[in-house]
Amino acid sequence: MKKNFPASVRLTLSLIAAVGVFFLLFWLEGQRTEQGMLISILQKSVILSIAAVSMNLLTGFTGLFSLGQAGFMAIGAYVTGLIAMPVSSVDNVFYVSGMADGLRSFKESLSVLPTPLLITLALLAGGLIAAIFAALVGIPVLRLKSDYLAIATLGFSEIVRAIIAAPQLDRITNGSYGLKAIPGFDSGGGRGSLLIPFGVAVACITFIVLLIRSSYGRAFKAIREDEIAAEAMGIGLFKHKQLAFIISSFFTAISGGLLAMFMRSIDARAFQVTLTYDILLIVVIGGIGSITGSIVGAFLVTFAKEWWLRFFDQPLVINGFKVPLLRTGFRMVVFSIFLMLIVLFYRKGLMGNREFSWYRLLSWPARIGRRKKSLPSGDEEALK
Amino acid sequence: MTRKEMTNGRPDTAKVLVTENLTMQFGGVVAVDKLNVVVHEGEIVALIGPNGAGKTTAFNVITGVYTPTNGRVRLFDRIIAENRPRGKMKALYKGDDAGQYKDDVVLTPDKITKLGVARTFQNIRLFKSLSVFENVLIAHHTNLKAGVLRATFGLNRKEEKDMHEKSMELLSIVGLDHLADEVSGSLPYGMQRRLEIARALATEPKLLLLDEPAAGMNPQETLDLMAFIRDIKDRFGLTIFMIEHHMNLVMGISDRIYVIDFGRQIAEGTPVEIQANPDVIRAYLGVDE
Ligand SMILES: Nc1ncnc2c1ncn2[C@@H]1O[C@H](COP(=O)(O)OP(=O)(O)OP(=O)(O)O)[C@@H](O)[C@H]1O
Ligand SMILES: [Mg+2]
């Protein structure tokens, strides 16, 4: 058995931590003027963590290597943006070719809803439409072997982007002008800029964790381990892959919808392949097959990229001596080195396929000493 | 006793598995050639033959891994596979009875498992990085009633609890309950074979296919396995169809034996008959015809 604290202790610790985080977020929101940078990085981190956990559901738990994240996020972002955008802003945003009449009257009929409900509906609609796309795309694509699946989903993602930007859809997606005036998290008036994205993330990730722990999650793992054996045990490959793909795409689109609310204005260029790579990076850094890893990875990568390494982008002059290398873009070089180091020293990502446990966290200092001692024998093993 | 008498001697036992002219041809290689097997309810039937004779391929066709090139497979009264040479295979096909099987029946392996066929693999295929317990638990999934939302929100608690209990029970039957939390891939070979059988039983089969269950076992382990197979057969009311090379095991446990060589069926009968059959002796000694 794995060592752990009794359930009651774990529950108490978790409750304390949850309440602590809640008040921390609540307090931070009050400091919006001083802490604007921190708040926006936290928002982005938590939004990406949903996409990363969704990707991990496929890659880490079902063994499906899909690279369609940006496409499903784009679907979520556009659907959410279109539904949530206030009718009063439509003319301003669609100033070139106007909005399609059907869409406009649909929005007018929705405008009776209070904003929080409208936004909830907008996010869910984004998820559902992405899920429908996933179901359709999944029919041909999920029968492919792993590498081809990655390429096919990557292609799908690019097609989505191209269609969104297509001039023929100007009256729906506003073509290359993109969507603007998307309500942000604080549009309800109250404190929501952190609590909303964190709340949605907790709900989404909890669902995925429960799914993974259910019998279906075990079936996904069986497919990851050995497709032929899984099928021989009565697990329908297509059915279960399709299920994982649809659920993952649903939550990826929710993440995209939150991203639209975070950015306030979006266009198709925000959903390039690089977005998929960012999420893949988070999953790999955190550990393929670890939900905790994907969450930690999302925060780590976003903080490193957007904040901690900013220092390297600023030219620095000490006593008239201009420190070499420090200029715009150097941050990304340092970031890449940092990635290589992680991959070198933690080949399976920071968490491997383990999950967070209070016991592991609190016994961490003690284990560092032990790990050093056991290293040589580990090396021997590697040489065999 | 001839085959006819055998069959007539069991008028009231149902035929669990019937293969009719079952043929599997890979390109120009005929791996299984007109196999006609009948397995009755409650029997232990063995399929033997030299290496490369096509035994595993026959299992793969029966369980839906491959679609047969020609012929038919029946499970109870249901046709679970039927095919005839088509496309490129029409020209390549080496048999003479093409076109006799008009229907197309193709079931994926999971569907066939749901109909009550479970199997083990010659090259053990456990879910290696998962625990011993999880391996058995996963196999119960095929009989799960709850949908994905019910299962996710834990609304099928009773069902889930039953699955856990049944898994633990199966592990204790195969004597692996004390290793439930071990990583299955780290078990010794013999235990992995037992675990694979436990996992197959978890799907609640009527027909169990064992592909060389004694491979890699020493004589004592083989004897234990023989008792074990008899035990699970009685306990779960199984019908067993197995491939095996250990002649002691085959002769000691089987009600009937089919022998194939180069894909072709060369003999069928009771262990005593098979041991006396000149064709079988020739095939096994490798004497040229
Ligand atoms: N997928 C395949 N494609 C092509 N040829 C195959 C395939 N599977 C099996 N064969 C061929 O079919 C023949 C029978 O193989 P099979 O594995 O069924 O033999 P076997 O009787 O199980 O032998 P063993 O006792 O060694 O397990 C072999 O010649 C093999 O090379
Ligand atoms: Mg074989």
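The following refers to the structure shown. Just so it is clear, the structure is predicted and the values come from calculations on it, not from any experiment.

So, the overall build of chain B
Alright, step 1. Across its full length, chain B holds twelve helices and twelve strands.
Alright, step 2. For a compact globule of 289 residues, the expected C-alpha radius of gyration is about 19 Å, and chain B comes in at 20 Å, within 12% of that figure.
Alright, step 3. Projecting the C-alpha coordinates of chain B onto the three principal axes gives extents of approximately 60 × 45 × 40 Å.
Alright, step 4. Taking the intrachain contacts of chain B between residues at least 6 apart in sequence as the baseline, contacts between residues at least 24 apart amount to 68%.
Alright, step 5. When the accessible area of chain B is evaluated, it comes to approximately 13100 Å², of which 53% is carbon and sulfur surface.

Let's talk about helix 5 (residues 132-139) of chain B
Alright, step 1. Counting buried residues in helix 5 of chain B gives seven out of eight residues, a clear majority hidden from the surface.
Alright, step 2. Among the residues of helix 5 of chain B, B:V132, B:F133, B:N135, B:V136, B:L137, B:I138 and B:A139 are the ones counted as buried.
Alright, step 3. Its buried side turned inward, helix 5 of chain B meets helix 10 (215-225) of chain A together with helix 7 (157-173) and helix 8 (189-202) of chain B.

Some points on the coordination of the magnesium ion (ligand 2)
Alright, step 1. For the magnesium ion (ligand 2), the full set of protein donor atoms is B:T56 (OG1) and B:Q122 (OE1), and the range of their distances to it is 1.9 to 2.0 Å. Taken together, the positions of B:T56 in helix 2 (residues 55-62) and B:Q122 in the loop between strand 8 (117-119) and helix 5 put the pair 66 residues apart, joining distant regions of the chain.

As for unusual backbone geometry
Residue and element names in this part refer to chain B.
Alright, step 1. Although it is not a glycine, N21 sits at a positive phi angle of roughly 45 degrees.
Alright, step 2. If you trace the backbone, N21 turns up in strand 1 (residues 15-26).
Alright, step 3. A relative accessible area of 17% means that N21 is categorised as buried.
Alright, step 4. Not every positive phi belongs to a glycine, and F76 is a case in point at roughly 50 degrees.
Alright, step 5. Within the fold, F76 resides in the loop between strand 5 (70-75) and strand 6 (78-83).
Alright, step 6. Taking the relative accessible area as the measure of exposure, F76 reaches 27% and is therefore partly exposed.

Let's talk about the site of ligand 1
Residue and element names in this part refer to chain B.
Alright, step 1. Lining the immediate environment of ligand 1, one finds 13 residues, of which G52, K55, T56, T57 and Q122 sit closest.
Alright, step 2. For ligand 1, whose accessible area on its own is 630 Å², the fraction buried by protein is 63%.
Alright, step 3. Residues belonging to the shell around ligand 1 are distributed by class as follows: four nonpolar, seven polar and two charged.

What to know about the packing of aromatic side chains
Alright, step 1. A complete count under the given rule lists twelve aromatic pairs over all chains for this structure.
Alright, step 2. Look at A:F72 and A:F245: their rings are 5.7 Å apart centre to centre, the planes differ by 85 degrees, and that puts the pair in the edge-to-face class. Taken as a pair, A:F72 in helix 3 (residues 69-84) and A:F245 in helix 12 (residues 237-263) lie far apart in primary sequence, 173 residues in all. Both residues of the pair, A:F72 and A:F245, belong to the buried class.
Alright, step 3. Linked through ring pairs, A:F72, A:F133, A:F156 and A:F245 together constitute an aromatic cluster.
Alright, step 4. The ring of A:F238 has A:R143 sitting right over it, with the charged end atom 4.2 Å from the ring centre.
Alright, step 5. The cationic tip of B:R125 hangs over the ring face of B:F121; the distance from NZ or CZ to the ring centre is 5.7 Å.

Parameters at a glance
Residues numbered from 1 in each chain as written. Chains lettered and ligands numbered in written order. Predicted model: local features only at pLDDT ≥ 70, side-chain atom pairs only at ≥ 80, totals over all residues. Heavy atoms only, no water. Helix = DSSP H or I, 4+ residues; strand = E, 2+ residues; numbered from the N terminus. Rg over C-alpha atoms; globule rule 2.2 N^0.38 Å. Contact = heavy atoms within 4.5 Å. Areas by Shrake-Rupley, 256 points an atom, 1.4 Å probe, with all protein chains shown as cover. Buried < 20%, exposed > 50% of the residue type's maximum accessible area, 1.4 Å probe, protein only. Donors = N, O, S within 2.8 Å, 3.2 Å for Na, K, Ca; no water. Near = heavy atom within 4 Å. Nonpolar A, V, L, I, M, F, W, Y, C, P; charged D, E, K, R; others polar. Phe/Tyr/Trp six-rings, centres within 6.5 Å; stacked < 30°, edge-to-face > 60°. Lys NZ or Arg CZ within 6 Å of the ring centre and 35° of its normal.

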